[in-house]
Each structure stands twice: as C-alpha cells, then as structure tokens.
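Structure assessment
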Amino acid sequence: QVQLVESGGGLVQAGGSLRLSCAASGRTFSSSAMGWFRQAPGKEREFVAAINWSGGDSYYADTLKGRFTISRDNAKNTVYLKMNSLKPEDTAVYYCARGRTPQAMGAVGPNDYDYWGQGTQVTVSS
C-alpha cells in the first residue's frame, strides 16, 4: 500500500514560480522512480518530468526543459517539482506518481506508474 499526497499548488501570476511537493507513505519509496504529470481542462494527461530512484538522473518533457526542475529527498519520502517562468498554459491539475521501476528515462506514459496522488491545482494568471 502506497499513498501519495501533493501540495503547494495555487494561484500565481505569469512569470512567477511555484514549488510542488509530493509526500509518500508506504514501502520502497527509495527504490522507485517518481514522476509528475499534469492535466488541463479538456486535455489529455501530459507527462511533465521523472526522476530515478536516487535522484541522480532526471527526464523532462521537451517543451518544459529549462523551466521545470524535479528533485527528491528520500530521507523525507518526498519528491518536488520547481516551476519557474510560469505561463498561463501551465494551468492544470498536477499529479505525482510512483514508477514501476527504479529508472526515469523512458517512463513517460501513465502505464509506467502504479500509484497516483490526488492532484494539486496550479493556476497561472496573465
């Protein structure tokens, strides 16, 4: 049994920054890759970023690379998503998820993950 709880979402102005957190409970957090996805109204769920079990390797959607940074603190069972230079099109519900394997690269589809958080709303105003 694994539970994931996101926090840190909210309303920010375009150009601002926000850091999301995802706290995990349960077994084997440090042995799993972790990922972030987002879903805007009327849109399909979209891959954002992933990080491997140790935090030494990360992978990003091409359109977000350079603005978003994923990190993790295994001692705290927490994964983070730092978002800079936010744009209105970043508005979405953001979800964290646990990967089925320790690797991050290539884990870009929902089926590569087995547990999901409830999501946190990010709204970017213009």
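Structural data are supplied above this passage.
As a starting point, this report considers the structure included with it. Keep in mind that this is a model prediction, so the values were computed, not measured.

Describing the sheet that holds strand β3 (residues 18-26)
- In spatial order, the strands read β1-β3-β8-β7; together these four strands make up an open sheet with antiparallel pairing. Two strands close off the open sheet at either side, each with one partner strand: β1 (2-7) and β7 (68-73). Looking at each pair of strands side by side, their axes are set apart by 15 degrees on average, direction ignored.
- Relative to strand β8 (residues 78-83), β7 is paired through six bridges, and the arrangement is antiparallel.

Some remarks on the environment of Gln1
- Topologically, Gln1 is positioned in the segment before β1.
- Looking at Gln1, the relative accessible area reads 74%, which means it is exposed.
- A C-alpha to C-alpha distance of 16 Å links Gln1 and Thr101, two positions 100 residues apart in sequence.
- Those residues within four positions of Gln1 in sequence are excluded, and the remaining contacts are Ser25, Gly26, Arg27 and Tyr115.

A few points about the packing of aromatic side chains
- For the structure shown, the criterion picks out five aromatic pairs.
- Between Phe37 and Phe47, the aromatic rings sit 5.6 Å apart at their centres with planes inclined by 75 degrees, giving edge-to-face as the arrangement. Of this pair, Phe37 sits in strand β4 (residues 34-39) while Phe47 sits in strand β5 (residues 46-51), and the two are 10 residues apart along the sequence. Both residues of the pair, Phe37 and Phe47, count as buried.
- Relative to Trp116, the ring of Phe37 lies with its centre 5.1 Å away and its plane at 55 degrees, an arrangement referred to as tilted. Taken as a pair, Phe37 in strand β4 and Trp116 in strand β10 (residues 113-116) lie far apart in primary sequence, 79 residues in all.

Notes on the state of the cysteines
- Enumeration over the complete set of coordinates arrives at one disulfide.
- Disulfide partner of Cys22: Cys96, at an S-S distance of 1.9 Å. Handedness of the Cys22-Cys96 disulfide follows from its S-S torsion of about 50 degrees: it is right-handed. In this pair, Cys22 is assigned in strand β3 and Cys96 in strand β9 (residues 92-99), connecting sequence segments 74 residues apart.
- According to the relative accessible area criterion, Cys96 is buried, its value standing at 0%.

Some points on unusual backbone geometry
- Backbone geometry at Asn77 places phi at a positive 50 degrees, although glycine is not the residue there.
- As for its placement among the helices and strands, Asn77 is situated in the loop between β7 and β8.
- Even without being a glycine, Ser85 presents a positive backbone phi close to 50 degrees.

Rules used throughout
- Each residue is numbered by its place in its chain's sequence as written, counting from 1.
- Residue-level local features of this predicted model are given only where pLDDT is at least 70; pairs of side-chain atoms are given and counted only at 80 or more, and the full residue set underlies all totals for whole chains, interfaces and linings.
- The side-chain numbers reported here are obtained from all heavy atoms of the structure, hydrogens and water having been left aside.
- Following DSSP output, two strands are said to pair if at least two bridges run between them.
- Going along the chain from the N terminus, every DSSP run of H or I of four or more residues is numbered as a helix, and every run of E of two or more is numbered as a strand.
- Working convention: axes come from line fits to C-alpha atoms, limited for helices to the stretch in contact. Angles between N-to-C directions cover 0 to 180 degrees.
- When a residue's accessible area, from a 1.4 Å probe over protein chains only, is under 20% of the maximum for its type it is buried; when over 50% it is exposed; and in between it is partly exposed.
- Working rule for contacts: check all heavy atoms of both residues, and any pair within 4.5 Å makes them a contact.
- Note on aromatic pairs: the rings of Phe, Tyr and Trp (six-membered ring only in Trp) are paired at centre separations within 6.5 Å, and the planes decide the class, stacked below 30 degrees, edge-to-face beyond 60, tilted for the rest.
- Pairs of cysteine sulfur atoms within 2.5 Å are what we label disulfides.

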